[in-house]
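# Commentary on secondary and tertiary structure
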Amino acid sequence: MIPAAFDYKRAGSAEEAIALIGQHGDEAKFLAGGHSLIPLMKLRLAQPTVLVDIGRVKDLSYVKDAGNHIAIGALTRHMDVEKSPVLKQHVPLLAHAASHVGDAQVRHRGTIGGSIAHADPASDLPATTLALGATYVVQGPNGKREIAAKDFYRGFLESALAPDEMLVEIKVPKMNGAGWSFQKFNRRAQDWAIVGVAAWRNNGTSGVALVNMGSTPVLAAAVSAALSSGASVADAANRAADDAEPQSDLNASVEYRTHLAKVLVRRALEEASK
Amino acid sequence: MSITQERTTNVIGQRMLRREDPALLTGEAKFVNDLVIPGALHLAVLRSPYAHARIKSIDVSDAASMPGVVAVYTGKDLHSTWAAPMPCAWPVTPDMKNPAHYPLAVDKACYVGDGVAAVLATSEAASRDALDAIDVVYEPLAAVIDLEDALTDRTIIHESIGTNKSYTWNLKVESAEGAVDKAFKTAAFTVSERYVQQRLIPMAMEPRAVAAVPQPFGGDVTLYSATQVPHILKVMTAITLGIPEHQMRVVAPSVGGGFGSKLDVYAEELLCVALARKHGAPVRWVEERSENTQATIHGRGQIQNIELAADKDGKLTAVRVRLIGDMGAYLQLVTPGVPLLGAFLYGGVYDLPQAYDFSCTSVFTTMTPTDAYRGAGRPEATYAIEVAMDALARTMGIDPYELRKRNYIKKEQFYDAAGNPVGYTAFHGLNYDSGDHLAAAEKAMQHADYTGLRKKQKTQNVPGARKRLGIGMTSYFEMCGLAPSRVLASLNYGAGGWESATVRVLPTSKVQVVTGTSPHGQGHETSWAMIAAEKLGVAPEDVDVLHSDTAIAPLGLDTYGSRSLAVGGVAIAGACDKVIDKARLIAAHQLECAAEDLEFAKGVFSVKGSPDKAVPIAAIAFAAFTAHNLPDGVEPNLEAQYTHDPKNFSWPFGTHICVVEVDTETGKVDVLKYVAVDDCGNQINPLIVEGQVHGGVVQGMAQALYEEAVYDQDGNLKTSNLAEYLVPAACDVPPITTDFTVTPSTTNQLGVKGIGEAGTIGAASAVMNAVIDALSGLGITSLDMPASPNNVWKALQSVQGGKQ
């Protein structure tokens, strides 16, 4: 319950935050909503010596229509993603997935950028933005660069972010009326998914990503490939775990997870095809 | 209105809102950790990361020199502090093995979480930081986590007793020698089942917290603790620490739930008192959640083998039970007695002849000690008989309700030939005070639409159905109101089962009720005020209830085992009677009549036949206070103390029905409907009764579907936080239909029975019977708890070979 001692710095801007992180090196961490980091610190599984609080960097909380895509500021809270009229209209899959994150209290504190930067394979939004073909905008001491979601996740809680870089924006392509589905399978309503599926289909194209089916969020490329080559939903769904390396845990064995992924992908594609 | 005036009951039976709730809901209630105690030192306990390890050496020097650290102690340092080992109050057999258990381990740690060193520091943060700096060298030994393996004594946990077996306790009742064997030989039908009661973590919302405050002179100590049992704790702390009992005061402030887990005497309570005395300063400690999962007792933990014998009609002719009980690493306060509390209930609510053979062997393991958890022994027993009854019905090919109907103790059997309510004397000799099982079951069947559900099931559960419907029922007895002291004596329990109450009418006619019960969420203040208000004819808001402080309520045996109303509430009614008896003498003196010519109603004494000659109890109270004009031999003040020792247990009962759908693709169980028809006799406050049923049902359902303390082969607890240990939340709970029948208890003046554990006792078996009922058509006839999606899917795989 009581974290190890740490210093606390508050940044007023992205630039200041990046400068502070650069100054304090590897042992510093950004603090946004705190809903992934603080529990780890309380259990003393994470012991950063400096926290750089970016919670008050106001100009990073927004949802903007940018033509072909929607731009979402990294500090936008899950509740604001869930309720955004722009997202509901243009990227309903993401707004819906955000409504499944934790409980109402978590959604009012946690941020989309924090969730993606934490790169937890069991979180809903990394996989959902991956399925949607999002691009992440990151900012470092030398300016901004863009990383495609499919290149971002490198390992368990590891991403392509450099230690002195900060995720500042998520660009999500508009869905243009695509059918979609978000399947979250868990034992209690407010838990992380045992397996989750974010999927969309539009004419010949599709995107399917899996939650908690490996050390990173998983793009089920084999499913989309099968669909585009004319496979039935059922046959395509059988390829659900081809790109995954699921782990066993208290809630699911590897075999069960693999089975669940196939069932849930089939259900997701059925719903998205309606 | 005349109808209201003619009612004999004005207060009892009303749905009064709980007076406790405004403070709880606004966060104003004060729990131990909310107490501001100037100058308090903070205790932190270093816990063993090994399930079983010899402590080779402990180096505390780095920790001791850290900023804010006042002292660091090992088990060796404090060994001479203890006058006695930690207490177990229930030596169930003369040869029961009970290894010495001290607040800090000395040579050996016996479970992950066993305390090995203690830090005192000036802040909580400093105490935690110092734990990381203590260097312990362990020699890890093999963990013992399997009960049957433990019994082989392959790895001995406590060398001092030379075995892992603690005791074997038998209850064999036969009408004639060999009756059980004979019944099984001649039975038309038998079933033999094995069930595992998984370990459960009680997970009270408030973890434990302790503060010990020594007085500057004279040696008195006040111990504040999040406990269910301040009175028991006072005696036990005095004995264990060698403190004169009159110098110990124990206070339980607001306590956030217990479910049995705070019915204990814990290491941290003893450490805080001992170190507060040693340092002459207050010492406090609060448990972390993950610490709570390891350092506070667990519940259940049994392997049950049950066999039923029945005649051609399904009438039970014998029951045989073999239990193995998981004691964990040590015996806590009532650990060994928990299986015994269930020993009388494996015959269920059925008219069983004297052919009963129960035996329990209990064993030590290298896991957190177990102890009483909501229902304590009785949910386990009910689960075994009720799931086995369904198995018997399947074997016979008859409806499970039909089988139960053929076996219920009938309403007539609670009466003698002349129609007097004499209770039903069961095969084991205990007398069930009253009951009408069929009436409760019929009511539940109607609420659930049982016939309609069975029809729907036939059409829904066709081969290949993605969702299968299942209906499960359970009919239970709750043996509660712990307990008649003489019965406890026969079970070798170390105390009585009475409860005490003092009722005091103050000069201004406000009333103080002092109770020995110790509420921690049950709403006693509301209910006890209602009882006194009813008896004395005053308004409930004019009654204050004092409790949970041994200086204010010196006599009591506290709250557990659904005893508070049936024992403590009845004691309050008895104390009110004594107050009225005394007031009657003073009233007769004032009205110049004989005491027996007075009647007392609605707070007023009046002369029979001359209602205008009357005096209210308020006036009597003032007269008793001024003492200006009292009859000879009557002491001033209007106060009485009464101790109630129940003549019998109370026997609430009921029938619960659960309806589930099982997704055959994912194995997920959805509870569609839950009906609970309970009979707890007369109800003081139906709102509180319903709340107890809701909470109990959810806790029982949680055992069936969600909760399990999982240990790995090395004895590490894998479910040590609320993300991994799945306590269902409000949004996971299905609608629960509650209804009641009312069969008053015949053995106490309020006709009450108790309701705290009923839901838990009924729910787990009702849910599991429903799940198995949904799947039995596919060949699945047994399933371990919890029926998690993974477990159900695995069972489906085993019968279908993966084919849908």
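Calculation criteria
- Residues numbered from 1 in each chain as written.
- Chains lettered and ligands numbered in written order.
- Predicted model: local features only at pLDDT ≥ 70, side-chain atom pairs only at ≥ 80, totals over all residues.
- Heavy atoms only, no water.
- 1 Å grid on protein atoms, 1.4 Å probe; cavity = no way out; pocket = protein on both sides within 12 Å on 5 of 7 lines; lining within 4 Å.
- Points joined across faces, edges and corners; volume = space filled by probe spheres on them.
- Helix = DSSP H or I, 4+ residues; strand = E, 2+ residues; numbered from the N terminus.
- Nonpolar A, V, L, I, M, F, W, Y, C, P; charged D, E, K, R; others polar.
- Domains from an automatic or database assignment.
- Contact = heavy atoms within 4.5 Å.
- Buried area = accessible area lost by both parts, 1.4 Å probe.
- Salt bridge = Lys/Arg side-chain N within 4 Å of Asp/Glu carboxyl O.
- Phe/Tyr/Trp six-rings, centres within 6.5 Å; stacked < 30°, edge-to-face > 60°.
- Buried < 20%, exposed > 50% of the residue type's maximum accessible area, 1.4 Å probe, protein only.
- Lys NZ or Arg CZ within 6 Å of the ring centre and 35° of its normal.
- Polar contact = N/O pair within 3.5 Å; in protein donor to acceptor, adjacent residues only side chain to side chain.

## Digging into the layout of surface pockets
Residues and elements named next belong to chain B. Taken as a whole, the second largest pocket holds about 630 Å³ of empty space. If you go around the second largest pocket, you meet 24 residues; those closest to its centre are V196, Q198, R199, E708 and A709. Sorting elements by how many residues they give to the lining of the second largest pocket places strand β8 (residues 189-200) first, with 5 residues. In terms of residue class, the lining of the second largest pocket is made up of 10 nonpolar, 6 polar and 8 charged.

## Comments concerning the domain arrangement of chain A
Residue and element names in this part refer to chain A. Each assigned domain of chain A is listed with its residue range as follows: domain 1 (7-53), domain 2 (61-173) and domain 3 (181-272). Distance from the C-alpha centre of domain 2 to the C-alpha centre of domain 3: 20 Å. With 23 residues of domain 2 at the contact, the number on the domain 3 side is 21 residues. Summed over both sides, the interface of domain 2 with domain 3 buries roughly 1700 Å², with 68% coming from carbon and sulfur. A per-residue breakdown of the area domain 2 buries against domain 3 is headed by P121, A122 and A131, which together make up 30% of the total. Summed over the shared surface of domain 2 and domain 3, the number is 1 salt bridge. For the salt bridge of D124 with K184, the shortest nitrogen-to-oxygen distance reads 2.8 Å.

## A short note on the packing of aromatic side chains
Throughout the structure, instances matching the rule amount to 22 aromatic pairs over all chains. When the ring of Y136(A) is compared with that of F152(A), the centres are 4.8 Å apart and the planes differ by 80 degrees; the resulting orientation is edge-to-face. Of this pair, Y136(A) sits in strand β6 (residues 135-140) while F152(A) is found in helix α9 (residues 149-152), placing the two residues 16 residues apart along the sequence. A centroid spacing of 6.2 Å and a plane angle of 45 degrees characterise the contact between F622(B) and F625(B), whose relative ring orientation is tilted. With F622(B) and F625(B) both in helix α19 (residues 617-626) and 3 residues apart, the pair spans about one turn of that helix. You can call F625(B) partly exposed: its relative accessible area is 46%. The ring of Y62(A) carries the charged tip of K64(A) above its face, separated from the ring centre by 4.1 Å.

## Let's talk about the domain arrangement of chain B
All names here are of chain B. Under the domain assignment, chain B is made up of domain 1 (2-28 + 498-644), domain 2 (32-141 + 203-295) and domain 3 (379-480 + 648-800). A C-alpha centroid distance of 39 Å is found between domain 2 and domain 3. Counting residues at the interface gives 9 residues for domain 2 and 11 residues for domain 3. For the pair domain 2 and domain 3, the summed buried area comes to about 700 Å², and 63% of that belongs to carbon and sulfur atoms. Contact with domain 3 buries area across many residues of domain 2, yet V112, M203 and T293 alone supply 49% of it, more than any other trio. Here the residues of the side of domain 2 that touches domain 3 sort into 5 nonpolar, 3 polar and 1 charged.

## Focus on the interface of chain A and chain B
Size of an interface, as often reported, equals the accessible area lost when the parts are brought together. Contacts between the two partners involve 24 residues from chain A, matched on the other side by 32 residues from chain B. The contact between chain A and chain B buries some 2300 Å² in all, and 54% of this surface belongs to carbon and sulfur atoms. When the buried surface of chain A facing chain B is broken down by residue, R187(A), R188(A) and L250(A) rank first, second and third, together holding 32% of it. Applying the counting criterion to the chain A and chain B interface returns 5 salt bridges.

## Examining helix α5 (residues 124-131) of chain B
Considered for burial, the residues of α5(B) that qualify are A126(B), S127(B), R128(B), A130(B) and L131(B). Tucked into the core, α5(B) has its buried residues touching β1 (41-47), α3 (61-64), β3 (69-74), β5 (115-121), β12 (283-286) and α10 (289-295) of chain B.

## Regarding the side chain of D124(A)
Residue and element names in this part refer to chain A. Mapped onto the elements of the fold, D124 is located in helix α8 (residues 124-131). You can call D124 buried: its relative accessible area is 5%. Separated by 2.8 Å, the side chains of D124 and K184 make a polar contact. The residues touching D124, leaving out its near neighbours within four places in the chain, are A97, H100, V101, F182, K184 and V211.

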